[in-house]
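Take a look at the letters that make up each chain.
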Amino acid sequence: MKNEKDYIYIHGHRNPDTDSIVSAIAYAHLKNEQGIPAIACRLGKLSEETEYILDKFGFEAPILLKDARATLDEIELDEATEIHLDTSIKDAMDILQEKRQTLAVVDDRHNLVGVVTSSNLAHIAMGDTAHSIELLKRTPVENIVNAIDGTLVYKPKEFRFNGKTSIVALASSKLENYNLKDRLVILGNDSEAQLEAINKGAACIVAVWTEEISDEVLQHAIEFGCAIILSSHGSMNTSRYLIFSPSVREIMTTNLLYFNKNEFVDDVESQMLKTRFRSYPVVDDDNRIFGFVARYHILNSPSKRLILVDHNEYSQSVEGVEEAEILEVIDHHRIGDLNTVKPIYFRNEIIGSTASIITKMYHENGVNIPRNIASILLAALISDTLNLKSPTTTKQDFRIAHQLEAISGLDRYSFSQEMYEVTSSLRNKPYEDIINQDIKTFHISGKEVMVSQVVIYHFTELDAIHETFEESMEEYVNKHGLDLLVVVFTSIEDNGSIIVSAGSLKSSVLDAFPQSESDDRSFLPDVVSRKNQIIPRLSTAIARSVQKKM
């Protein structure tokens with residue numbers, strides 16, 4: 001069974017920006033170079049800018065991580081043994097004796113239709129005669145041949161077996177007292193007895209201790225439509241094995257409690273507590289058997305192991321992060337509300353981008369940065385520092401940018417202009433897509449606040465947005481239950497921002513960033529950093545507003 005418990009999942013924040021995605025990809029690459037299995041993940045749709053960068057340098061989008069809780073396909077399971085629903089009970093017994101586990105019964109398409117356990121087989125061995133007769137009545141002649149290790153001499157077009165068996169192998173050849181119509185008759189190598197059984201309407205004769213059937217008996221069987229089987233066992237074992245010839249479809253359990261491989265371990269455990277089965281089938285999305293899960297699998301299942309990059313707050317992290325094992329945090333934002341049950345590697349620096357930290361970690365660990373990795377790291381640094389114009393930019397960022405330019409062969413100035421011109425156009429974009437392009441959630445003074453930053457090359461691009469944009473923002477506020485939504489349009493060329501807001505705390509934005517009454521959207525020169533310039537001033541204004549209402 002595939003086991004992914006050794007993988008480490010590296011991911012950025014929700015509504016991922018380029019720095020978040022690139023940091024996950026680059027750090028996963030670094031970990032794998034160090035012999036540590038790691039997978040880069042994303043928590044949402046890629047922005048147009050990120051898609052452009054990954055496509056330009058030949059990277060696939062990271063896998064989408066929807067939840068940090070472990071799923072069944074990520075833990076140890078028992079391998080499943082499949083049998084077809086037409087498999088005989090005898091063959092199932094042989095397999096069960098070897099495997100000593102529940103058998104998965106599948107149809108022609110390999111879809112799970114039932115299971116066979118030792119309890120099912122015990123019921124056959126201990127069941128009453130009437131039940132066995134009903135099962136045998138529906139049993140193909142081939143199954144009978146297989147169950148008694150026999151040889152099929154003749155098979156009629158219609159097998160009219162009524163499920164009843166007569167053993168006359170040790171009796172007189174005179175069968176006057178036997179009602180053999182449509183029965184299976186076990187007898188010896190007495191040709192006269194065989195002919196008489198056929199004449200009395202037997203559906204099948206099973207000859208024991210017999211090497212061959214005479215031509216006369218065979219022709220008679222063909223005439224009367226009677227099957228003939230040569231058994232490799234004596235009378236007792238032939239009759240004993242006969243009851244195990246029906247198909248498993250007759251005795252399998254079909255009222256199943258089963259799980260999909262993508263279900264969360266916690267949810268599966270809750271369902272198990274309501275039942276007492278030894279193991280439970282696990283299927284894939286096509287209803288094909290994937291394995292069997294038991295209570296000990298659940299008890300011994302590991303949590304997902306995570307490394308968080310470019311964030312350190314629960315509200316910005318993956319769903320179910322509280323249930324996971326966080327190994328590391330690599331970030332350059334304020335310290336959030338994240339807590340762990342044991343010490344971890346926590347790296348938080350005053351620097352322009354998480355990509356800058358990852359670049360440093362390559363050098364610190366003596367690992368060469370491939371050209372394509374250097375290219376996307378440079379793109380992430382440019383994106384998060386607005387091409388080193390943001391006040392969050394440090395001297396380290398300038399030095400790192402020069403290093404990445406040298407490795408990638410890119411010119412930062414021409415590359416940044418190409419990035420923004422290709423990806424920042426607002427024309428024909430749905431308003432909700434513009435808002436979600438790079439949005440983060442903040443809990444400020446007990447209020448639900450979301451701040452979106454949209455980087456554009458020049459403010460003339462705002463001409464493409466009509467007055468109805470703010471109406472769309474109000475709809476967004478209502479849809480997501482927000483107290484405040486702020487959209488910050490930041491221009492690389494003009495080196496400043498225009499702020500638009502919606503929600504009940506809209507006045508707090510005007511308090512934080514005053515504008516003249518004649519200006520609908522005031523230009524805020526040199527205000528380009530959400531983290532260092534917008535959130536601190538906004539937090540103060542919201543706290544002041546909340547305090548006034550108390």
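Keep in mind it's a predicted model, so treat the numbers as computed, not measured. (Residues numbered from 1 in each chain as written. Predicted model: local features only at pLDDT ≥ 70, side-chain atom pairs only at ≥ 80, totals over all residues. Heavy atoms only, no water.)

## Regarding the sheet that holds strand S7 (residues 151–154)
An order of S7-S11-S10-S9-S8 is seen for the five strands of this open sheet, with the pairing classed as mixed. In this open sheet, the two strands that pair with only one neighbour each are S7 and strand S8 (165–167). Along the sheet, successive strands turn relative to each other by an average axial angle of 20°, direction set aside. Inspection of the sheet shows strand S10 (residues 204–207) paired to strand S11 (residues 227–230) by four bridges, in the parallel sense. (Pairing = 2+ DSSP bridges. Helix = DSSP H or I, 4+ residues; strand = E, 2+ residues; numbered from the N terminus. Axes fitted to C-alpha atoms, helices over the stretch in contact; angles between N-to-C directions.)

## Some remarks on the domain arrangement of the chain
The assigned domain composition of the chain is domain 1 (8–69 + 304–418), domain 2 (78–125 + 250–299), domain 3 (141–232) and domain 4 (431–548). Domain 3 and domain 4 are separated by 90 Å when their C-alpha centres are compared. (Domains from an automatic or database assignment.)

## Regarding the packing of aromatic side chains
Summed over all chains, the structure comprises seven aromatic pairs. Consider the rings of phenylalanine 57 and phenylalanine 415, whose centres lie 5.9 Å apart with planes at 80°: the pair is edge-to-face. Pair noted here: phenylalanine 57 is in the loop between helix H2 (48–56) and strand S3 (63–64) and phenylalanine 415 is in helix H15 (residues 412–423), with a separation of 358 residues, a long-range link. Side by side, phenylalanine 57 and phenylalanine 415 carry an identical accessibility label, which is buried. Judged by centre distance (5.8 Å) and plane angle (80°), the ring pair of phenylalanine 277 and tyrosine 280 falls under edge-to-face. Residue phenylalanine 277 is classed as partly exposed on the basis of its relative accessible area, which comes to 44%. Owing to a relative accessible area of 0%, tyrosine 280 belongs among the buried residues under this scheme. Three or more aromatic residues joined by ring pairs form one cluster here, namely Phe259, Phe277 and Tyr280. One cation-aromatic arrangement involves arginine 69 over phenylalanine 264; the distance from NZ or CZ to the ring centre is 3.9 Å. (Phe/Tyr/Trp six-rings, centres within 6.5 Å; stacked < 30°, edge-to-face > 60°. Buried < 20%, exposed > 50% of the residue type's maximum accessible area, 1.4 Å probe, protein only. Lys NZ or Arg CZ within 6 Å of the ring centre and 35° of its normal.)

## Considering the pairing of strand S4 (residues 81–84)
Where burial is concerned, the two faces of S4 differ: the one with Thr81 and Ile83 is buried and the one with Glu82 and His84 is not. In this structure, S4 lies alongside strand S5 (residues 103–106), joined through four bridges in parallel fashion. Bridging from a neighbouring strand, isoleucine 83 pairs with valine 105 of S5. A crossover links S4 with its parallel partner S5, the connecting element being helix H3 (residues 89–99), and its sense is right-handed. (Right-handed = clockwise from strand over helix to strand, strands pointing away.)

## A word on the sheet that holds strand S19 (residues 447–456)
As summarised here, the arrangement of the five strands in space is S18-S19-S20-S21-S22, forming an open sheet in which the pairing is mixed. The open sheet is flanked by strand S18 (439–444) and strand S22 (523–525), the only strands paired with a single partner. Pairwise comparison of adjacent strand axes, ignoring direction, gives a mean angle of 30° for this sheet. Here strand S21 (residues 496–502) runs beside S22; their pairing, made up of three bridges, is antiparallel. Note that in S22 the partner of isoleucine 498 across the bridge is phenylalanine 523. Its contacts with the sheet put helix H17 (residues 468–480) on S18, S19, strand S20 (484–491) and S21, and the angle it makes with S21 is roughly 55°. (Contact = heavy atoms within 4.5 Å.)

## Quick notes on the nonpolar core
Ile10, Tyr27, Ile373 and Leu377 are the most contacted members of the largest nonpolar core, which has 50 residues in total. Per-element accounting of this core gives the leading share, nine residues, to helix H13 (residues 371–385). Viewed by domain, this core spans two of them, domain 1 (8–69 + 304–418) and domain 4 (431–548), each represented by three or more residues. Apart from residues no more than four positions distant in its own chain, isoleucine 373 is found in contact with Ile25, Ala26, His29, Phe59 and Tyr362. Counting residues in hydrophobic clusters, the runner-up holds 22 residues, among them Met450, Leu462, Phe489 and Ala502. (Core = buried A, V, L, I, M, F, W, Y, C linked by side-chain atoms within 4.5 Å.)

## Regarding a negative patch on the surface
On the surface, a cluster of negative charge is made up of Asp266, Glu269, Glu322, Glu323 and Asp337. Locating aspartate 266 in the fold gives a position in helix H10 (residues 265–272). (Patch = residues over 30% accessible without salt bridge, like charges linked within 9 Å, V, L, I, M, F, W, Y side chains within 5 Å. Areas by Shrake-Rupley, 256 points an atom, 1.4 Å probe, with all protein chains shown as cover. Salt bridge = Lys/Arg side-chain N within 4 Å of Asp/Glu carboxyl O. Lys, Arg positive; Asp, Glu negative; His and termini not counted. Charge placed at Lys NZ, Arg CZ, Asp CG, Glu CD.)

## What about the packing of H13 against helix H14 (residues 395–408)?
For the pair H13 and H14, the least separation of the axes is 8 Å and the interaxial angle reads 145°. Two packed elements cross with a definite hand, and for H13 against H14 that hand is left-handed. For the pair H13 and H14, contact is made by Arg371, Ala374, Ser375, Leu377, Leu378 and Leu381 and by Asp397, Ile400, Ala401, Leu404, Glu405, Ile407 and Ser408, respectively. When its residues are assigned to classes, the contact of H13 with H14 shows eight nonpolar, two polar and three charged. (Left-handed = near helix turned anticlockwise from the far one by under 90°. Nonpolar A, V, L, I, M, F, W, Y, C, P; charged D, E, K, R; others polar.)

## Let's talk about the side chain of histidine 311
Within the secondary structure, histidine 311 sits in the loop between strand S15 (305–309) and strand S16 (325–331). A distance of 2.9 Å separates a polar side-chain atom of histidine 311 from the backbone oxygen of valine 309. A distance of 3.1 Å separates the side chain of histidine 311 from the side chain of serine 317, its partner in a polar contact. Sequence-distant contacts of histidine 311, defined by excluding residues within four places in its chain, comprise His11, Gly12, His13, Gln316, Ser317, Val329, Ile330, Asp331 and His333. (Polar contact = N/O pair within 3.5 Å; in protein donor to acceptor, adjacent residues only side chain to side chain.)

## Focus: unusual backbone geometry
The phi angle at aspartate 310 is positive, at roughly 65°, despite the residue not being glycine. One non-glycine residue, serine 445, lies in the positive phi region at around 50°. Relative to the helices and strands, serine 445 resides in the loop between S18 and S19.

## A word on H15
For H15, built from 12 residues, the straight-helix expectation of 16 Å at 1.5 Å per residue is met to within 8% by its first-to-last C-alpha distance of 16 Å. Every buried residue belonging to H15 is among Arg412, Phe415, Ser416, Met419, Tyr420 and Thr423, and all of these are buried. All buried residues of H15 lie within an arc of 125° about the axis, which places them on one face of the element. (Expected span 1.5 Å × (residues − 1). Arc of directions from axis to C-beta.)

## A word on the pairing of strand S1 (residues 8–11)
A two-sided burial pattern is seen for S1, the buried positions comprising Ile8 and Ile10 on one face and Tyr9 and His11 on the other. As defined by bridge partners, S1 adjoins S15 across four bridges and the pair is classed as parallel. If you follow isoleucine 8 over to S15, its bridge partner there is arginine 305. Of the pairings in the sheet, the one linking S1 to strand S2 (residues 38–42) comprises four bridges and is parallel in character. Within the sheet, the bridge partner assigned to histidine 11 lies in S2 and is cysteine 41. Following the chain from S1 across helix H1 (residues 18–33) to the adjacent parallel S2, one finds a crossover that is right-handed.

## Section: the packing of helix H12 (residues 354–364) against H13
Where H12 meets H13, the axes come as close as 8 Å, and the angle between the chain directions of the two elements is 145°. Taken together, the residues of H13 that come into contact with H12 (itself represented by Ala355, Ser356, Ile358, Thr359 and Tyr362) are Ile373, Leu377, Ala380 and Leu381.

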